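Observations on the model geometry
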2 protein chains.
Amino acid sequence: MNEFDKLKEKLKEKGFKLTTQRRVILDVIMENKNKHLSSEEIYDLVKRKYPEIGLATVYRTLQLFEELGLVYKLNFDEGRNRYELYQEDAHQHHHLICLKCGNVIEMEGDLLEDLEKLIEKTKNFEIVDHNVKFYGYCSNCRNKV
Amino acid sequence: MNEFDKLKEKLKEKGFKLTTQRRVILDVIMENKNKHLSSEEIYDLVKRKYPEIGLATVYRTLQLFEELGLVYKLNFDEGRNRYELYQEDAHQHHHLICLKCGNVIEMEGDLLEDLEKLIEKTKNFEIVDHNVKFYGYCSNCRNKV
DNA sequence: TGACAATTGAAAATGAATATCATAAACTAT
DNA sequence: ATAGTTTATGATATTCATTTTCAATTGTCA
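Reading guide: rules and limits
- Residues numbered from 1 in each chain as written.
- Chains lettered and ligands numbered in written order.
- Predicted model: local features only at pLDDT ≥ 70, side-chain atom pairs only at ≥ 80, totals over all residues.
- Heavy atoms only, no water.
- Helix = DSSP H or I, 4+ residues; strand = E, 2+ residues; numbered from the N terminus.
- Contact = heavy atoms within 4.5 Å.
- Patch = residues over 30% accessible without salt bridge, like charges linked within 9 Å, V, L, I, M, F, W, Y side chains within 5 Å.
- Areas by Shrake-Rupley, 256 points an atom, 1.4 Å probe, with all protein chains shown as cover.
- Salt bridge = Lys/Arg side-chain N within 4 Å of Asp/Glu carboxyl O.
- Lys, Arg positive; Asp, Glu negative; His and termini not counted.
- Charge placed at Lys NZ, Arg CZ, Asp CG, Glu CD.
- Buried < 20%, exposed > 50% of the residue type's maximum accessible area, 1.4 Å probe, protein only.
- Expected span 1.5 Å × (residues − 1).
- Least-squares fit on C-alpha atoms with pLDDT ≥ 70 in both.
- Near = heavy atom within 4 Å.
- Polar contact = N/O pair within 3.5 Å; in protein donor to acceptor, adjacent residues only side chain to side chain.
- UniProt positions renumbered as here; feature names shortened; annotations may be inferred.
- 1 Å grid on protein atoms, 1.4 Å probe; cavity = no way out; pocket = protein on both sides within 12 Å on 5 of 7 lines; lining within 4 Å.

Let us now look at the side chain of B:Ser39. With respect to the helices and strands, the residue B:Ser39 is situated in helix 3 (residues 39-49). B:Ser39 has contacts with B:Val58, B:Tyr59, B:Leu62, B:Asn81 and B:Tyr83, leaving out every residue within four places of it along the chain.

Negative charge collects at one region of the surface, where A:Glu113, A:Asp114, B:Glu113 and B:Asp114 lie side by side. Sorting the residues of the negative patch by element identifies helix 5 (113-123) of chain A together with helix 5 (113-123) of chain B as the ones contributing at least two each. A residue is classified by how much of its surface remains accessible, and A:Asp114, at 63% relative accessible area, is exposed.

To continue, consider helix 2 (residues 20-31) of chain B. All names here are of chain B. An ideal rise of 1.5 Å per residue puts 16 Å on twelve residues; helix 2 measures up with 16 Å between its terminal C-alpha atoms. For helix 2, the set of buried residues is Arg22, Val24, Ile25, Leu26, Val28 and Ile29. Tucked inside the fold, the buried residues of helix 2 contact helix 1 (3-13), strand 1 (37-38), helix 3, helix 4 (55-68), strand 2 (71-74) and strand 3 (82-85).

The next thing to look at is the relation of the copies chain B and chain A. Least-squares fitting of chain B to chain A yields an RMSD of 0.1 Å, with the superposition described by an axial translation of 0.0 Å and a rotation of 179°. Both copies are brought into coincidence by an operation consistent with a two-fold rotation axis. The C-alpha atom lying nearest the rotation axis in chain B is that of B:Val132; the distance is 2.2 Å. Comparing interface residues between copies, 100% of those in chain B also sit at the interface in chain A, which points to an isologous, same-surface contact.

Before going further, it helps to examine the protein's contact with DNA strand D. Taken together, 24 residues are adjacent to DNA strand D, and A:Tyr59, B:Lys17, B:Thr19, B:Thr57 and B:Arg60 come closest. Protein-adjacent atoms of DNA strand D, using a 4 Å cutoff, are sugar or phosphate at a proportion of 71%. A distance of 2.3 Å separates a base oxygen of DNA strand D from a polar side-chain atom of B:Lys17. Of all the secondary-structure elements, those providing two or more residues to the surface near DNA strand D are helix 4 (55-68) of chain A together with helix 2 and helix 4 of chain B. The element that contributes the greatest number of residues to the surface near DNA strand D is helix 4 of chain A, accounting for five residues.

On to the UniProt feature "binding site: Zn(2+)" (unreviewed entry) in chain A, then. Following the UniProt record, the feature "binding site: Zn(2+)" (unreviewed entry) maps to A:Cys98, A:Cys101, A:Cys138 and A:Cys141 here. For the residues just named, distributed over 44 residues, the greatest C-alpha separation is only 8.2 Å, placing them together at one site. The annotated residues contributing to the lining of the largest pocket are A:Cys98. The topology assignment puts A:Cys98 in strand 4 (residues 93-98). A residue is classified by how much of its surface remains accessible, and A:Cys98, at 3% relative accessible area, is buried. The contacts of A:Cys98, once residues within four sequence positions are left out, are A:Asn103, A:Gly136, A:Tyr137, A:Cys138, A:Cys141 and B:Phe125.

Here it is, written out as structure tokens:
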């Protein structure tokens with residue numbers, strides 16, 4: 001099942017409508033799979049394909065997509081949200097944020113199973129999601145010292 | 001060395017001044033060691049001891065304290081920052097955020113050494129800090145189903 | 001097709017955080 | 001202690017991402 005069928009299905013399930021705007025926004029997100037676009041960046045890209053769109057619609061839609069699990073909200077402490085496509089297979093990854101150049105590098109793999117098990121046991125806390133960021137210096141910036 | 005001496009020393013080191021406001025703000029943070037107060041909450045508490053203080057001073061001071069390493073900035077995706085006292089001994093902990101009641105529970109221990117080593121090796125990325133949050137349901141809310 | 005609810009775009013509103021600027025307070029060397 | 005220099009403060013205005021409002025539009029389903 002492709003992303004559009006998923007969108008259609010999830011919308012229908014909850015009584016939401018499939019609009020052109022929603023289709024175009026998903027389109028843009030899919031074309032930028034690994035890019036962590038901000039709401040404003042998505043708005044700019046969407047406007048090229050659908051100039052009449054309003055900024056509020058983009059914000060509303062991203063929020064909706066997050067609730068539907070189509071998209072994942074990221075926060076890199078810049079005072080704005082970013083989004084990435086939720087990919088079942090590839091979702092287990094962490095972000096490495098370079099304190100010098102600001103680049104965000106992906107670290108594939110989850111690797112938190114043991115820690116999560118420990119938490120579930122010692123705290124009786126049922127984990128459904130996590131958010132892990134590492135701050136430091138990327139290979140590029142390390143070499144430039 | 002207590003926190004006030006630390007403050008004094010770190011300020012002097014960088015040519016900053018030790019003001020009553022800064023002292024009172026640190027005071028409030030220390031009195032609420034494990035509370036994750038927001039800037040506004042700190043402002044309210046500080047005003048009780050020092051009513052003339054301005055909101056901007058609180059924001060400025062928290063930013064300064066973070067730079068000095070006295071305080072740690074937290075982001076629980078509420079659109080506002082929270083702060084906790086930086087405690088050398090007890091700083092290695094993670095936050096468990098309950099999706100139902102919103103409570104934040106502390107999980108002592110770091111337990112990321114292996115993952116960090118792996119990242120440093122495979123990505124040649126020098127880690128200096130990390131930020132780990134787990135989302136799920138706390139023991140209280142699990143029992144209330 | 002028609003009816004009804006959900007959706008949209010434009011503009012205004014919100015709210016946390018930051019910038020501005022004149023006044024005040026802290027530090028330094030005398 | 002004091003004068004002189006610099007940093008800090010408080011009040012206010014401003015910024016900027018995001019949300020709300022509301023009238024007009026558009027999907028969906030019988």
